[in-house]
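Summary of structural features
What follows is each chain in one-letter form.
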Amino acid sequence: MHKDFDLKIENMSKIEGHASLEIKVRNGAVESAKLIVGENKRFYEEAMRGKPFSTIPQMVSRICGTCSIAHLTCATEAIEKALDIKPSKQTLVLRKLATLGTILRDHAMHLYFFVLPDIFRKPSVFEFDKAQHKFLHDGFSLKAAGNKITKLVAGRAIHAIYSQIGYFSKVPDKSKVKETIAYLKNVREKVFDLIDVIWNCDFSFKRKTNYVALADPSFAFLEGDLIDSYGDIIKEKDFSNHLNEIVIPYSQGEGYTFKGEEYFVGALARLNVNKKSLHENTKKDLKKYLNVFPSSDIYHNNLAQAIEMLHCIDASLDYLEFEFKKEKKPEIKIKKSNGVGVVEAPRGVLYYKLSITKEGKIDFGTLVTPTAQNQIRMENDIKLLVTKLLDKPEKEIQHEVEKLIRAYDPCMTCASNFLKIKWI
Amino acid sequence: MKKLSIGIFSFTCDEGCSMQILEVFNNKFKEWENLIEIKHFRLISPRKDIEKLDVAFVEGAISTKRDLEGLKKVRETSKKVIAIGSCAINGFPSNQRNFFDKKVKQKIKPFLKKFNHLENVEPIKKFISVDGEINGCPISEDDFIKVLEDCLIEFGVKDA
Ligand code: SF4
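This is a predicted model, so every value here is computed, not measured.

**Let's talk about the pattern of salt bridges**
- In total, this model carries 45 salt bridges over all chains according to the counting rule given.
- Note that Lys190(A) is salt-bridged to Asp138(A), the shortest N-O span being 3.6 Å. A residue pair is termed long-range when its members are at least 10 positions apart, and Lys190(A) in helix α7 (residues 190-200) and Asp138(A) in helix α5 (residues 133-154) qualify at 52 residues.
- Judged by relative accessible area, which is 24%, Lys190(A) ranks as partly exposed.
- With relative accessibility at 4%, the residue Asp138(A) sits in the buried group.
- We note a salt bridge from Glu141(B) to Lys151(A), for which the minimum N-O separation is 3.1 Å. Here Glu141(B), found in helix α5 (residues 141-154), pairs with Lys151(A), found in helix α5, and the two come from separate chains.
- Members of the salt-bridge network, linked through shared partners, are Glu16(A), Arg105(A), Asp106(A), Lys143(A), Arg347(A), Asp409(A) and Glu23(B).

**Let's talk about helix α13 (residues 394-408) of chain A**
Residues and elements named next belong to chain A.
- For α13, which comprises 15 residues, the first-to-last C-alpha distance of 21 Å matches the rise-based estimate of 21 Å (1.5 Å per residue) to within 8%.
- When we look at burial in α13, the residues that qualify are Ile397, Glu400, Val401, Glu402, Lys403, Leu404, Ile405, Arg406, Ala407 and Tyr408.
- Directly after α13, the chain includes Asp409, whose backbone phi takes a positive value near 55°.

**Overview of empty space enclosed by the protein**
- This model, assessed by the stated rule, comprises six cavities of 30 Å³ or more.
- A volume near 90 Å³ is recorded for the largest cavity.
- When contributions to the lining of the largest cavity are tallied by element, the ones reaching two or more residues are α1 (16-32) and α3 (85-90) of chain B.
- It is α3(B) that provides the largest number of residues to the lining of the largest cavity, a total of three residues.
- Here the residues of the lining of the largest cavity are counted per class, giving seven nonpolar, five polar and four charged.
- Size it by volume and the second largest cavity reaches roughly 70 Å³.
- With four residues, the single largest contributor to the lining of the second largest cavity is helix α12 (residues 370-389) of chain A.
- Along the lines of polarity and charge, the residues of the lining of the second largest cavity split into eight nonpolar, five polar and two charged.

**Observations regarding the sheet that holds strand β3 (residues 29-37) of chain A**
All names here are of chain A.
- The three strands are arranged β1-β2-β3 in an open sheet whose pairing can be described as antiparallel. The two strands at the open ends of the sheet, each matched to only one other strand, are β1 (5-9) and β3. With strand direction ignored, the average angle separating the axes of adjacent strands in the sheet is 10°.
- Pairing geometry for strand β2 (residues 19-26) and β3, over eight bridges, is antiparallel. Its bridge partner lying in β3, Ala19 is registered against Val37.
- Against the sheet, α12 makes contact with β2 and β3, and its axis sits at roughly 140° relative to β3, the strand it touches most.
- Across the sheet, α13 lies against β1, β2 and β3, angled at about 45° from β1, the strand it touches most.

**Things to note about the environment of Lys237(A)**
Residue and element names in this part refer to chain A.
- Positionally, Lys237 belongs in the loop between β8 (233-234) and β9 (243-247).
- Assessed through its relative accessible area of 58%, Lys237 is described here as exposed.
- As a C-alpha pair, Lys237 and Glu402 span 165 residues in sequence and 35 Å in three-dimensional space.

**Looking at the layout of surface pockets**
- Volume-wise, the largest pocket comes out at about 1,100 Å³.
- Sorting the residues of the lining of the largest pocket by element identifies β1, β2 and β3 of chain A together with β1 (4-10), β2 (36-41) and α2 (65-77) of chain B as the ones contributing at least two each.
- In terms of residue count, α2(B) provides more of the lining of the largest pocket than any other element does, six residues in total.
- Within the lining of the largest pocket, the residues separate by chemical class into 16 nonpolar, 14 polar and 13 charged.
- When residues of the lining of the largest pocket are assigned to domains, at least three map to each of domain 1 (5-37) and domain 2 (44-415) of chain A.

**A word on the interface of chain B and chain A**
- Counting residues at the interface gives 43 residues for chain B, matched by 52 residues for chain A.
- Carbon and sulfur atoms supply 59% of the area that chain B and chain A bury against each other, a total of about 4,000 Å² over both sides.
- On the chain B side of the interface with chain A, the three residues burying the most area are Asp14(B), Arg42(B) and Ile44(B), jointly 16% of the side's total.
- Connecting chain B to chain A are four salt bridges.
- Glu23(B) is the partner of Lys143(A) in a salt bridge, and the nearest nitrogen-oxygen pair spans 3.6 Å.
- Applying the counting criterion to the chain B and chain A interface returns 19 residue pairs in polar contact (both at pLDDT 80 or more).
- In terms of residue count, α1(B) provides more of the side of chain B that touches chain A than any other element does, nine residues in total.

**Considerations on unusual backbone geometry**
- In this model, Phe293(A) is joined to Pro294(A) through a cis peptide bond whose omega is 5°.
- Assignment of secondary structure puts Pro294(A) in the loop between α10 (287-290) and α11 (300-319).
- Along the chain, Cys137(B) connects to Pro138(B) via a cis peptide bond; the corresponding omega equals 0°.
- Along the chain, the position of Pro138(B) falls in the loop between β7 (132-134) and α5.
- Look at Asp84(A): it is not a glycine, yet its phi comes out positive at around 50°.
- With respect to the element layout, Asp84(A) can be found in the loop between α3 (68-82) and α4 (89-119).

Analysis parameters
All residue numbers refer to position in the chain's written sequence, counted from 1. Chains carry letters and ligands carry numbers; both start at the beginning, A for chains and 1 for ligands, and go up in the order they are written. Local features in this predicted model are restricted to residues of pLDDT 70 or higher, and side-chain atom pairs are both shown and tallied only at a pLDDT of 80 or more, whereas totals for entire chains, interfaces and linings draw on every residue. With hydrogens and water excluded, all non-hydrogen atoms of the structure serve as input to the side-chain values. A pairing counts as a salt bridge when a side-chain nitrogen of Lys or Arg comes within 4 Å of a carboxyl oxygen of Asp or Glu. Put simply, DSSP H or I for four residues or longer makes a helix, DSSP E for two residues or longer makes a strand, and each gets a number counted from the N terminus. Relative accessibility under 20% of the residue-type maximum defines a buried residue, over 50% an exposed one, and the middle range a partly exposed one, all with a 1.4 Å probe and only protein chains included. The length a helix should cover is 1.5 Å for every residue beyond the first. Space inside and on the surface of the protein is sampled on a 1 Å grid over the protein atoms alone, with a cavity defined as a set of points where a 1.4 Å probe fits but cannot get out and a pocket as an open set with protein on both sides within 12 Å along at least 5 of 7 lines; lining residues have an atom within 4 Å of a point. Grid points are joined across faces, edges and corners, and a volume is the space filled by probe spheres set on the points. All residues other than Ala, Val, Leu, Ile, Met, Phe, Trp, Tyr, Cys, Pro, Asp, Glu, Lys and Arg, Gly among them, are scored as polar; the first ten of these are nonpolar and the last four charged. Note on pairing: two strands pair once DSSP finds at least 2 bridges between them. Throughout, an axis means a line fitted to C-alpha atoms (over the contacting stretch in the case of helices), and angles, computed between N-to-C directions, take values from 0 to 180 degrees. Two residues form a contact once any of their heavy atoms are found within 4.5 Å. Where each domain begins and ends follows an automated or database-derived domain assignment. Buried area: the accessible area, evaluated with a 1.4 Å probe, that two parts lose upon being put together, summed over both parts. Any pair of nitrogen or oxygen atoms within 3.5 Å is treated as a polar contact; in protein, a donor-acceptor pairing is required on top of that, and neighbouring residues in sequence qualify only through side-chain atoms on both sides.

Structure below.
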């Protein structure tokens, strides 16, 4: 069929941050599909320069409200690596808990509030019918579960206050630990209903790609080496050697290739390369669903997130049994140095490199966000999808494209900050 | 029964304050479900209704012409505008580019021009009158609950 049309979706809802999409179809072929970061750039990389290193974690936390803990933790790790600070076992446990809580809350937000309306064919959670209404309240309960963990260990779910370079300034309150454990046990079974709905929906879009994730042996989103679908193992500090930044002229964000190819980071990548490290209880209860990984179906990113939600609950229940005690602040010796931090943010690999002067100021800081890494593949998928749907009404094309973008779970708030400027 | 019609609007920021409102909903939504109508909250609904809002909660600073147009519209159509969070109230931390030195400002200039940014990033009160503020980065859950409860009473949705 030969037709020309333009499809514009402005300020898409039910994704993190502002984005719009422009698709151009000419002579029956998709000429371009542009996913535009509409979020206004706030120049965090530039703002870091010259600031004392100790202020950076709190500063970069403000890059993204929803995954603030990931930015804070990743920058903290980069500084600790640079200054040879070894966090204690307890600090690592607290850090893992803060991260598990963040991922649980973030996935709950995405799946219940952004994805379920697509599956139920409703504009938003507010229009759910009587039978579906339970999921609105489940969504709030699961979000609260993640929030409770993070609040308990880090003081706040957004812009945490207890997490410091090398230590945590407060030890979790014993009675609150108990309360949190009880709450987690109570909401755990709700996740199965969610998994069931996602499992039974017929969304599918398969295309093979390279999947890259930090293969944390305890699946706590913080440690280990990076692994890709070819089985190649890459040390955190070497990750950026394999990346190429692609400038996207129409957007306030950028894109990346890995080893010269498009690739995917996020929950689907984590399960594709590291499902064996999930919590034993999660594996036992979700065997049937875990069999689909490795998968090349982008909609399995939703399933992967739901599985990770259960894992976050199970793993947190273990870590909350830790005997927490007050610990001393580690001593910090300032020196001229560089450090790299890599963590799994809810949406995939997050990379920080910080360079510190001998006076303890940031010489330069650079970071790579998950959404920027998925940008190129996302646009290529959109193109392909629209090509397949060309004879469908425009409304349906729009709906399908939005659905696909939501499965990617992009975060435009993160994506907007890092348009690289050449410093001579 | 009359409901309080509210909108939540995000300008230049990390959306941490609106996320915090969603955290408040974890515990309060059941109670408020029949008292409030959310007419605009891009994060969770495609509904873009901004006509006749009782209360608009605005997060973020104003960095672009588009931000500014949007903000003015919100003011025109809302009875009450409440600035939420430090970005909306005093610009910080979303206004860091205001403090860059000359050299850096020169570097980012072409980018700012291309995407229609204003000379400086400003708090919302620079452009519109604001009826209330909830400070913090992010706002505290308790402060938001108090302000919303007060609005429910002020607009006659709930008895004092
Ligand atoms: S005040 Fe802080 S939490 Fe609120 S939007 Fe601004 S940066 Fe985010």
